[in-house]
Amino acid sequence: MEGHPPAAAAARRKGIGTRVWLVVSESGESHMEEVGKHSIMRRTGLPGRDLRVLDPMLSYPSTILGRERAIVLNLEHIKAIITAKEVLMINSTNPLLVNFIHHLQEHVSSPRDSAQQEKNAENDSPSNMAQTLVPAGSKSLPFEFRALEACLESACRCLESETQTLEQEAYPALDELTSKISTLNLERVRQIKSRLVAISGRVQKVRDELEHLLDDDNDMAEMYLTEKLVGHSMEHTSREEVYDEAPEDGKESGQDSESEHNSAILTAIKPNIEELEMLLEAYFAQIDGISQKLFHMSEYVDDTEDFINIMLDEKQNQLLQMGVMLSTANMILNAGIVVVGLFGMNISISLFEGKPIQFWETTFGTVGGCVALYLIAIGWGRKKKLV
């Protein structure tokens, strides 16, 4: 039996689960790395189930996960892993992702105060409201929060752009449908409603994720990666100092002092989540505004549907009234036909032997009687509000 060469087998095993990742460092520089799944797990400390959220072949809703050493983001076109030192993203040719990468590089490499001034200068930026709500100061945000802010800003900008485009198409189409009900207009409104439902679900999922984070202080505390990294370094240093200073015959006192020292360090490095809370609150307010726009648009669609149904019911009532009037006329006409049939019989009566004027009197009398019966029937129907 022929076997594969050992080098080929090793290359095949090495390629299992390997992807090309785009890595953006804290200095804003980016480069490509071909890394395997297990290497990413060791590098970021993430379990395999969290990496499935980033798989482009699987359909996962918007997700923000705070872990011990990384933040996992799945927001719209952004699938990224944020650590305290770098951002890892699966390489893609999506134009939205290409633009986001340039924005991310500028955002993470610039200090907080300069980025704030640049963004306040952009009056047409969709994230101005979010930027004004975030407190600006001399202290810059840590790397993971600058990267998180860039991701949230890009996702909100994408959703807001799609919402504005949908608004520009929806309202004129709905107004045109109310003025003229046609198959073409109905098809346009049907497509708009499908897009509205889809984008509303996406916006609602992002809103729910931000609301879940804001309601859970522990989840927000988990996202302070830089402080946790510094805290672990301090804890490691303190342990070495305690072990060096503890006497050999006083192990118990050394352990007590180590425990007290570690407790003091952990208390000192416990993150103040107010900074992250303000950041998330800003983008929650922005995404909530987008959700309100979609809600008003959905209400407008529902009102238009109700108006169309009222118009169709009115047309149906008019057709029913016309049907009643035609049925009444048909019944009266049948009565006149009965009279004509009676006079058409081959029998001998004195009316047939008279003068020609008797024929016209009989004809006009029959027609007049039918008209009178019709008017009486219609009048009775209007009195009873049947017509």
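One numbering rule holds for all chains: residues counted from 1, following each sequence as written. Per-residue local features of the predicted model are confined to residues with pLDDT of at least 70, and side-chain atom pairs are confined, for both listing and counting, to 80 or more; whole-chain, interface and lining totals are unaffected and use all residues. Values reported for side chains reflect all heavy atoms of the structure, with hydrogen atoms and water molecules removed beforehand.

With that settled, the discussion passes to the sheet that holds strand β2 (residues 30–35). The rule for pairing is simple: two strands pair if DSSP sees at least two bridges between them. For the purposes of this entry, the term helix denotes a DSSP run of H or I that reaches at least four residues, the term strand denotes a run of E that reaches at least two, and both are numbered from the N terminus. The sheet built from 6 strands is open, its strands ordered β2-β1-β6-β5-β4-β3 with antiparallel pairing. Each having just a single partner strand, β2 and β3 (63–66) make up the two edges of the open sheet. When strand polarity is set aside, the average angle formed by the axes of neighbouring strands in this sheet is 20°. Alignment of strand β1 (residues 19–25) against β2, held across 6 bridges, turns out to be antiparallel. Within β2, the position partnered with Val23 by the bridge is His31. Running at roughly 120° to β2, helix α2 (residues 37–44) makes contact with β1, β2, β5 (78–82) and β6 (86–90) of the sheet. A fitted line through C-alpha atoms serves as each axis, taken over the contacting stretch for helices, and the angle formed by two N-to-C directions is quoted from 0 to 180°. We call two residues in contact when some of their heavy atoms are within 4.5 Å.

One way to put it is that helix α12 (residues 274–343) packs onto helix α13 (residues 356–383) with a least axis distance of 10 Å and a crossing angle of 155°. Judged by the angle between their axes, α12 and α13 are roughly antiparallel. For the crossing formed where α12 meets α13, the hand is right-handed. In contact with Met325, Thr328, Ala329, Ile332, Gly336, Val339 and Phe343 of α12, α13 contributes Thr362, Thr366, Cys370, Leu373, Tyr374, Ala377 and Ile378. Roughly parallel means an angle under 35 degrees; roughly antiparallel means over 145; roughly perpendicular covers 65 to 115; every other angle is labelled oblique. What makes a crossing left-handed is the near helix being turned counterclockwise from the far one by less than a right angle; a clockwise turn instead makes it right-handed.

Further remarks concern a negative patch on the surface. Patches here: salt-bridge-free residues with over 30% relative accessible area, like charges joined within 9 Å, nonpolar side chains (Val, Leu, Ile, Met, Phe, Trp, Tyr) joined within 5 Å. Working definition of accessibility: Shrake-Rupley area with a 1.4 Å probe, residue cover restricted to the visible protein chains. Any carboxyl oxygen of Asp or Glu that lies within 4 Å of a side-chain nitrogen of Lys or Arg is treated as forming a salt bridge with it. Note that His is not counted, nor are the chain ends; the positive residues are Lys and Arg, and the negative ones are Asp and Glu. Charged groups are reduced to one reference atom each: NZ for lysine, CZ for arginine, CG for aspartic acid, CD for glutamic acid. Taken together, the side chains of Glu299, Asp302, Asp303 and Asp306 make up a negatively charged region of the molecular surface. Mapped onto the fold, Glu299 is located in helix α12. For every residue, the accessible area (1.4 Å probe, protein chains only) is compared with the maximum for its type, and the residue is labelled buried under 20%, exposed over 50%, or partly exposed between those bounds. Note on Glu299: relative accessible area 37%, which makes it partly exposed.

Turning to the environment of Ile273, a few remarks are in order. Mapped onto the fold, Ile273 is located in the loop between α11 (251–268) and α12. Its relative accessible area of 13% is what places Ile273 among the buried residues. Sequence-wise, Ile273 and Leu214 are 59 residues apart; in three dimensions their C-alpha atoms are separated by 9.8 Å.

Centre-to-centre distance and the angle between the planes together describe a pair of aromatic rings. Here a Phe, Tyr or Trp ring, Trp counted by its six-membered ring, pairs with any other such ring whose centre lies within 6.5 Å, and the pair is stacked when the planes are under 30 degrees apart, edge-to-face when over 60, and tilted otherwise. Per the counting criterion, the structure on display carries 3 aromatic pairs. A centroid spacing of 5.0 Å and a plane angle of 70° characterise the contact between Tyr171 and Tyr300, whose relative ring orientation is edge-to-face. Here Tyr171 is found in helix α7 (residues 143–179), whereas its partner Tyr300 is found in helix α12, with 129 residues between them in sequence.

Expected helix span is computed as 1.5 Å times (number of residues minus one). End to end, helix α8 (residues 183–215) covers 47 Å across 33 residues, agreeing with the expected 48 Å (1.5 Å per residue, within 8%). Among the residues of α8, those classed as buried are Asn185, Val189, Ile192, Leu196, Ile199, Val203, Val206, Arg207, Glu209, Leu210, Leu213 and Leu214. The elements touched by buried residues of α8 are β3, β4 (71–75), α7, α9 (217–222) and α12.

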